[in-house]
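Each chain, letter by letter, is given below.
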Amino acid sequence: MKKSSIIGLIVIAVAVTVIISTSADASAYLTFDEAYELAERGKSKKIHVVGQLKKDASGKPTGIYAGPNKLSVSFVMVDNNMKEQTVYYDEPMPADLLRSEQVVVVGNYQDERFIADRIVLKCPSKYEETEL
Amino acid sequence: MIHQSLGDTGHLLIIISFVTSLVAAFAYFKATVNKEIGTDSWISFARITFIVHGLAVMGVVSVLFYIIYNNYFEYHYAWSHSSVNLATHYMIASFWEGQEGSFMVWALWQAILGFVIIKTNKKWEAPVMTVFATVQAFLASMILGVVFGDIKLGSSPFLLLKDVINDPIFLINPDFVPEDGTGLNPLLQNYWMVIHPPTLFLGFATTLIPFSYAIAGLWTGRYKEWIRPALPWAIFSALTLGVGILMGGYWAYETLNFGGYWNWDPVENAVYVPWLILVAGIHTMITFKKSATALKTSIILVIATFILILYSTFLTRSGILGDTSVHSFTDLGLSGQLLIYLLFFLAVSIIFAVRAWGEIPSSEKEASAYSREFWIFIGALTLCLMAFQVIIPTSIPVFNEIIELFGRVSNIAPPADQIEYYSKFQVWFAIALAILSGTGQFFFWNKMDKKEFANAIAIPLIISLLLSAIIFVAAKIFNPLYILVLVAGIYSIVANANILIKLFKSKSYKLTGGSVAHIGIAMMLVGIMFSEGYSKPISLNTLTISKAWTDEQNSTNLPLFLNQTSYMDNYEITYRKELIEATYLPELIKKSYVDDTEDPYYKVARQSILINGKTYAEPGDTLYFQTPENTYYQIDFKHRVSGKTFSLFPRIQTNEQMGSDVVSPDVKKLWNRDIYSFVSVKPPFEEELEWSEKVTEEVKKGDRFFVNDYVATFDGLERVTKVSFTELLGDDIAVRANITVLAEDGEKYLAQPLYVIKNGRVAQVPDVIKEIASKFQIESINPDNGSVTLGLNTTQKDYIILKALEKPHINVLWIGTLVMVLGFIIAIHRRYIEFQMMRDKGVE
């Protein structure tokens, strides 16, 4: 076999490994119901859920509770299927949670509780202000 | 007053720059087709047009900076990115905080680089500048801000506030100008924000040069000749882009408290990938110059670098990363335009390459495993695979968009733990690269066969195995993967140093660029292995701080009570003070020395402020604070054995733009490790306090008493004529008690509770001294025996919770960075001299 063919094969093998591993390690955007089902089936894979904070009639976020000394936080999130779910986060409240227009939580159900490892926030005002 | 003409001028200049770039592109195109060189008609016309274009770009930049600098908040850009209380260097930074400004920086660099090309290379000017001017037209279109029917072309930085924001105030008063802007995000108020973006954009801009040469070569049939002038620029580009990326990493490490210097965030990946491809391209270009192989590969890699820069621009600016990145720009509605920009140059590159492909010389002979070409080719291939591994997962949001474009639903998300996911692959590529960069050196300088190679490699190999063995025993490294990284890294350093010494012996200093850069990269690899692989918390603690925390969190966060010494690592550590930064004072001052006023930027001194024997403020003096949002916590460290001391000042920023607090670390650099510490929980004093039951104390002037175990002296009552909360009239009376408390280290605190009789009603105003966790109140004044009854409450002492990490041998990473930069500079010098010599001979 020619050297270039061997190299070619190795390159293809690495590329295929990368693609397969990407799809294997990739997480997924799910709803809370789907995430719950996943956990029921004994899968501990971390997934992404997209949604918003629960808002009261005046549009203020509601259902946010800081833990003792504000070392942790829990909040009620509404996913895109309008399902409400309390999310627990073992870190101090992220800087711009209250102002976020969209919340993405990365985590899974553990003992019937949704535990977030990471929160990604989309804020209307992060770089551009829209109100005086 | 609205400075309307200023914005109009700016907008006009943008239009001029857009039109002139199009005209210059056309004229240079004509000049290329007519094969003009030097002072022919199309080329002179094109040159003048491009110079006008460059001046217009500079004009746009000046106008926008003028608006920011003079606080013309009637302009949306100034209002949303700057403010009155911003230092001048941060006004420069606010220029590129927004997308429009950062496009302008990019365009400015490219205009300047265009001037350099016109000046230094007449022979290639026409085709190269055709590409340049076209790219400039695309960039200018991003800030054009012109609407054709339903299509909005670009977003202008010269929009007036009233045209952007719907607020009823503009109906009442169309000329309303806000007093102050909303400012540069305090988190970004850091010197890195001043130097990192322009460096990165210079890196972006310079990738255009090798790309333009490659396209020019394909276009004019000079398939080989483009390499020589392009090579020094390609190396310069890799240098600036690399430095820009590393600056970002250092910034993240030092200020932003991301925990590390690299987080595999999509925005970071988006520039890392083109850098890898560019470095691969430089290697194949060098092989081509030596032996006329790898020409096609070089063309592909140089083109791919530029296309990937455009792709990264698209990713970070189109809003597509919205869900996945913590720091991409907000969407300005330019995604369509950005996509056209990317696809246009992709199409142009493919067309030119396909047209010329059959004519590009390539060698049919297969390279031997004992040749330089073979090793460099494998190295370049590894770099490409390394880039491929990163770009695929980073592009997941793009795949989702594409799938959704075809009406399907896709719910793939990027890997949940990015750092772990990318690291586990990248480390293997890095090991391979270290081995290749060491081995390749033997073949680079001499032709070798199997036997000669065995002889050449034997000694360096033995030395590096020995060295690694010593290091891994001394540093107690037992993880097999890390041992492998260490051996590969040391091998690369030794093998390259071996060549370096030979080059020094033969006095060929000019040729040392490659081996120096390789040593730098290998040092970086070793530094990353130590500092990331062996980063560990040293703020160990056996108490349960909070039940809501995991065991891991509880055991690695250390509570520190004010002035109470704890033990951490080899140090006695003590939380001493809470400090703030008064703008015109030489040092930070204690927060308790000043009282707030209604304006957050001004505070009033409670007591005289003495620094190094000089009095800077008397009680009642007003001081200016440019950054009142920042609080620093002084923590004193004393080494348990040597007794050496130092202090760290981690910071907490009350960041209203971000909605709450932002934590920044302070880092102590020791020769063998960094101590990286930050306040993970700020003092509870800001919140509501639980006070003990009140104790009363009846005292006369001069009496001493205890409060919270401190000795206090009552210095008597004093009548005051003014109080801050109400106006005193007629029969109203206000007195205050002066109480001095002696605390640790001879520090004295003055407590001044007030007793006010207004309209016959009594008001008691307590005074809280945070440092001794006590509240003082005048309960009653007893004229019969001349005494005063004080009410005293105490509370838990002020504390912070500290988290400290040890980052071993991180200095090896930073030193490696500098060595790599040096290597690049040597290489640029060598390749530029080569180009100059050939140019002056008239070859190019």
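Residues numbered from 1 in each chain as written. Chains lettered and ligands numbered in written order. Predicted model: local features only at pLDDT ≥ 70, side-chain atom pairs only at ≥ 80, totals over all residues.

Chemist: Explain the overall build of chain B to me, please; I cannot follow it from the model alone.
Modeler: The helix and strand tally for chain B stands at 22 helices and 30 strands. Referenced to the eigenvectors of the C-alpha coordinate spread, the extents of chain B come out at roughly 110 × 75 × 60 Å. Classification of the 844 residues of chain B by burial places 47% in the buried group. Of all intrachain contacts in chain B linking residues separated by at least 6 positions in sequence, the fraction that spans at least 24 positions is 67%. (Helix = DSSP H or I, 4+ residues; strand = E, 2+ residues; numbered from the N terminus. Buried ≥ 20, exposed ≤ 12 C-beta atoms within 10 Å, placed from the backbone. Contact = placed C-beta atoms within 7 Å.)

Chemist: Honestly, the overall build of chain A in this entry has me stumped. Any pointers?
Modeler: If you tally the helices and strands in chain A, you get 2 helices and 7 strands. Counting only residues that meet the buried cut, chain A has 27% of its 132 residues in that class. A separation of at least 24 residues holds for 47% of the contacts in chain A among residues at least 6 apart in sequence.

Chemist: Is there a simple way to explain the sheet that holds strand E10 (residues 602–605) of chain B in this structure?
Modeler: Strand pairing within a sheet occurs via backbone hydrogen bonds; the two strands may be parallel or antiparallel. Residues and elements named next belong to chain B. Taking strand neighbours across the sheet as the criterion, the 3 strands line up as E9-E10-E13 in an open arrangement whose pairing is antiparallel. The outermost strands of the open sheet, each flanked by one partner alone, are strand E9 (594–596) and strand E13 (622–624). Pairwise comparison of adjacent strand axes, ignoring direction, gives a mean angle of 40° for this sheet. As paired elements, E9 and E10 share 3 bridges and run antiparallel to each other. Within E10, the position partnered with Asp595 by the bridge is Val604. (Pairing = 2+ DSSP bridges. Axes fitted to C-alpha atoms, helices over the stretch in contact; angles between N-to-C directions.)

Chemist: Can you help me understand the confidence of the model for chain B in this one?
Modeler: Reading predicted coordinates in detail is not appropriate for stretches of low pLDDT. Within chain B, residue pLDDT values average 90, and 97% of them lie at 70 or more. In the predicted assembly, ipTM is 0.85 and pTM is 0.92. (pLDDT = per-residue confidence, 0-100.)

Chemist: Looking at this structure, I do not really get the pairing of strand E18 (residues 666–669) of chain B. What am I missing?
Modeler: Side-chain positions along a regular strand alternate between the two faces of the sheet. Residues and elements named next belong to chain B. With 4 bridges connecting them, E18 and strand E19 (residues 673–681) associate as antiparallel partners. Across the sheet, residue Lys669 finds its bridge partner in E19, namely Asp674. Joining the antiparallel neighbours E18 and E19 is a turn of 3 residues.

Chemist: Looking at this model, I keep getting lost on the sheet that holds strand E28 (residues 774–782) of chain B. Mind explaining?
Modeler: Residues and elements named next belong to chain B. Strand order in the open sheet formed by 4 strands is E20-E29-E28-E27, with antiparallel pairing between adjacent strands. Only two strands of the sheet have a single partner each, and these edge strands are strand E20 (695–699) and strand E27 (767–769). Taken over all neighbouring pairs, the strand axes of this sheet differ in orientation by 30° on average, direction set aside. Pairing of E27 with E28, which is carried by 3 bridges, proceeds in the antiparallel orientation. Across the sheet, residue Asp767 finds its bridge partner in E28, namely Phe776.

Chemist: Mind showing me how you'd approach unusual backbone geometry here?
Modeler: What you tend to see is this: most non-glycine residues have negative phi, and most peptide bonds are trans. Phi angles above zero are rare outside glycine, and Asn563 of chain B is one such case at about 60°. Here Asn563 of chain B lies in the loop between strand E5 (558–561) and strand E6 (565–568).

Chemist: How do you make sense of helix H14 (residues 335–357) of chain B when you look at a structure like this?
Modeler: Turn by turn, an α-helix covers 3.6 residues, leaving residues three or four places apart pointing in a common direction. All names here are of chain B. For H14, which comprises 23 residues, the first-to-last C-alpha distance of 32 Å matches the rise-based estimate of 33 Å (1.5 Å per residue) to within 8%. Turning to H14, its buried residues are Gln337, Leu338, Tyr341, Leu342, Phe345 and Ser349. In this structure, the buried residues of H14 make contact with helix H6 (125–142), strand E2 (151–153), helix H10 (208–220) and helix H13 (295–317). (Expected span 1.5 Å × (residues − 1).)

Chemist: Can you walk me through the environment of Ile403 of chain B in this structure?
Modeler: As for its placement among the helices and strands, Ile403 of chain B is situated in helix H16 (residues 396–405). The residues contacting Ile403 of chain B, other than those within four sequence positions of it, are Arg408 and Ser410 of chain B.

Chemist: Looking at this structure, how should I read the packing of helix H1 (residues 4–33) of chain B against helix H2 (residues 41–69) of chain B?
Modeler: If you want to describe how two helices pack, look at the angle between their axes and the distance between the axes. Residues and elements named next belong to chain B. In contact at an axis separation of 8 Å, H1 and H2 are set at 155° when each is read in the N-to-C sense. Our classification of the angle between H1 and H2 gives roughly antiparallel. Taken as a pair, H1 and H2 cross one another with a handedness that is left-handed. Class assignment of the residues belonging to the contact of H1 with H2 gives a composition of 22 nonpolar, 8 polar and 1 charged. (Parallel < 35°, antiparallel > 145°, perpendicular 65-115°, else oblique. Left-handed = near helix turned anticlockwise from the far one by under 90°. Nonpolar A, V, L, I, M, F, W, Y, C, P; charged D, E, K, R; others polar.)

Chemist: How do you make sense of the packing of H2 of chain B against helix H4 (residues 88–95) of chain B when you look at a structure like this?
Modeler: Residues and elements named next belong to chain B. Put simply, H2 and H4 touch, their axes get as near as 10 Å, and they point 130° apart. Classified by the interaxial angle, the pair formed by H2 and H4 is oblique. Where H2 crosses over H4, the two elements pack in a sense that is right-handed. From H2, Leu64, Phe65, Ile68 and Tyr69 reach across to H4, where they touch Met91, Ser94 and Phe95. Per-class residue counts for the contact of H2 with H4 are 6 nonpolar, 1 polar and no charged.

Chemist: Even after reading the chapter, I still don't get the environment of Met568 of chain B, so can you show me in this structure?
Modeler: Residues and elements named next belong to chain B. Of note, Met568 is situated in strand E6. Sequence-wise, Met568 and Ile538 are 30 residues apart; in three dimensions their C-alpha atoms are separated by 6.6 Å. Look past the residues within four positions of Met568 in its chain and what remains in contact with it is Ile538, Ser539, Leu558, Ile573 and Ala804.

Chemist: In this structure, what is going on with the environment of Thr49 of chain B? I would like to understand it.
Modeler: Residues and elements named next belong to chain B. Assignment of secondary structure puts Thr49 in helix H2. Taking the C-alpha atoms as reference points, Thr49 and Ser21, 28 residues apart in sequence, are found 7.4 Å from one another. Contact partners of Thr49, with chain neighbours within four places excluded, come to Thr20, Val23, Ala24 and Ala27.

Chemist: What am I meant to see in helix H9 (residues 191–206) of chain B here?
Modeler: Residues and elements named next belong to chain B. Look at H9: 23 Å from first C-alpha to last across 16 residues, which is about the 22 Å you get at 1.5 Å a residue. Of the positions making up H9, those classed as buried are Met193, His196, Pro197, Pro198, Leu200, Phe201, Leu202, Gly203, Phe204, Ala205 and Thr206. The secondary structure elements touched by the buried residues of H9 are H4, helix H5 (99–120), H10, helix H11 (227–256) and H13.

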